[in-house]
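# Structure assessment
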Amino acid sequence: MPHASTDDVTSVYLSEMPAADGKFAFDGAERWEELFTLRDDVMKALEIARAEKKIGKSLDAKVTVYTADKAVLELLAKFTAEELKTVFITSGAYVVEGTAPEGAYVPEEGKIAVLVENADGQRCDRCWCYSTEGENTVHFLNQGDEADLMAILAEEEITLAP
């Protein structure tokens, strides 16, 4: 295999990583990095709830993030509820402006408070997320699956997941 003159030919693990190329920079990366900073606090709240046996897995929970900080509210408003629950790895994620009720986790910085509760609805056997959409929810891997299942949907009472 060809090597650059600066590579260590003994092992790929001994070679230096190439420098980052600016042309591959992601314009929206900053907002995601800020969200992942808040995610650390949400994950801490989930761990505390798990240790207290309030939840089993993080997908068994829904989280509500309370904040009065305008900058945090603006940041969280840039994301959909679906994106937030995916990043937090929960079955639901909500944002509320204001102070949190008693029992919410408040990190040292105090910009947010996180209330962890059991998720509503029934657990999907495929994705393990809880949903109030009903027992017979069908998930699609891609749009092509929808056409294949239209005959099934016409014969049975099945609701489509968003």
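Residues numbered from 1 in each chain as written. Predicted model: local features only at pLDDT ≥ 70, side-chain atom pairs only at ≥ 80, totals over all residues. Heavy atoms only, no water.

Attention shifts here to the side chain of Asp60. When you line up the elements, Asp60 lands in the loop between α1 (29–51) and β1 (61–67). Its relative accessible area of 13% is what places Asp60 among the buried residues. (Helix = DSSP H or I, 4+ residues; strand = E, 2+ residues; numbered from the N terminus. Buried < 20%, exposed > 50% of the residue type's maximum accessible area, 1.4 Å probe, protein only.)

Time to look at the nonpolar core. In terms of nonpolar packing, the biggest core is built from 21 residues, with Val63, Phe88 and Val116 touching the most fellow members. Breaking this core down by element, the ones donating at least two residues are α1, β1, α2 (70–77), α3 (81–88) and β3 (113–118). The leading source of residues in this core is α1, at 6 residues. Apart from the residues lying within four places of it in its own chain, the contact partners of Val116 are Ala45, Leu46, Ala49, Ile55, Ala61, Lys62 and Val63. (Core = buried A, V, L, I, M, F, W, Y, C linked by side-chain atoms within 4.5 Å. Contact = heavy atoms within 4.5 Å.)

Another point: the state of the cysteines. Applying the stated rule across the entire model yields 0 disulfides. The closest cysteine sulfur to the non-disulfide-bonded Cys127 is located on Cys124, 3.8 Å from its own sulfur. What makes Cys127 partly exposed here is its relative accessible area of 25%. Distance from the sulfur of Cys129, which forms no disulfide, to the nearest cysteine sulfur (Cys127) is 4.1 Å. (Disulfide = S-S within 2.5 Å.)

Summed over all chains, the structure comprises 1 aromatic pair. Ring geometry for Trp32 against Phe79: centres 4.7 Å apart, planes inclined by 75°, an arrangement best described as edge-to-face. Linking Trp32 in helix α1 with Phe79 in the loop between α2 and α3, this pair joins segments that are 47 residues apart in sequence. Positioned above the aromatic ring of Phe79 is the side chain of Arg31, whose terminal nitrogen or guanidinium carbon lies 4.5 Å from the ring centre. Seen from the ring of Trp128, Arg123 lies directly overhead, with NZ or CZ sitting 5.1 Å from the centre. (Phe/Tyr/Trp six-rings, centres within 6.5 Å; stacked < 30°, edge-to-face > 60°. Lys NZ or Arg CZ within 6 Å of the ring centre and 35° of its normal.)

Another point: unusual backbone geometry. Look at Lys53: it is not a glycine, yet its phi comes out positive at around 65°. If you check the backbone angles, Ile89 has positive phi at about 55° while not being a glycine. In this fold, Ile89 is placed in the loop between α3 and β2 (92–97).

Structurally, the α-helix is built with 3.6 residues per turn, so residues lying three or four positions apart point the same way. Listed as buried for α3 are Leu84, Lys85, Val87 and Phe88. Within α3, the buried residues cover an arc of 165° as seen down the axis, which keeps them to one side. In this structure, the buried side of α3 is in contact with α1, β1, α2 and β2. Looking at the residues trailing α3, positive phi occurs at Ile89, about 55°. (Arc of directions from axis to C-beta.)

Our next topic: the confidence of the model for the protein. In the predicted model, the protein carries a mean pLDDT of 83, and the fraction of residues at 70 or more is 80%. This stretch, residues 140–144, has a pLDDT under 50; its non-local contacts, to residues over four places away or in other chains, come to 5 contacts. (pLDDT = per-residue confidence, 0-100.)

Another aspect to go through is the packing of α1 against α3. Between α1 and α3, whose axes approach to 9 Å, the crossing angle comes to 60°. As judged from the angle between their axes, α1 and α3 are oblique. Considering how the two elements wind past one another, α1 and α3 form a crossing that is right-handed. Every residue of α3 that contacts α1 at Trp32, Leu35, Phe36, Arg39, Val42, Met43 and Leu46 is listed here: Glu83, Leu84, Val87 and Phe88. Residues of the contact of α1 with α3, tallied by class, amount to 9 nonpolar, no polar and 2 charged. (Axes fitted to C-alpha atoms, helices over the stretch in contact; angles between N-to-C directions. Parallel < 35°, antiparallel > 145°, perpendicular 65-115°, else oblique. Left-handed = near helix turned anticlockwise from the far one by under 90°. Nonpolar A, V, L, I, M, F, W, Y, C, P; charged D, E, K, R; others polar.)

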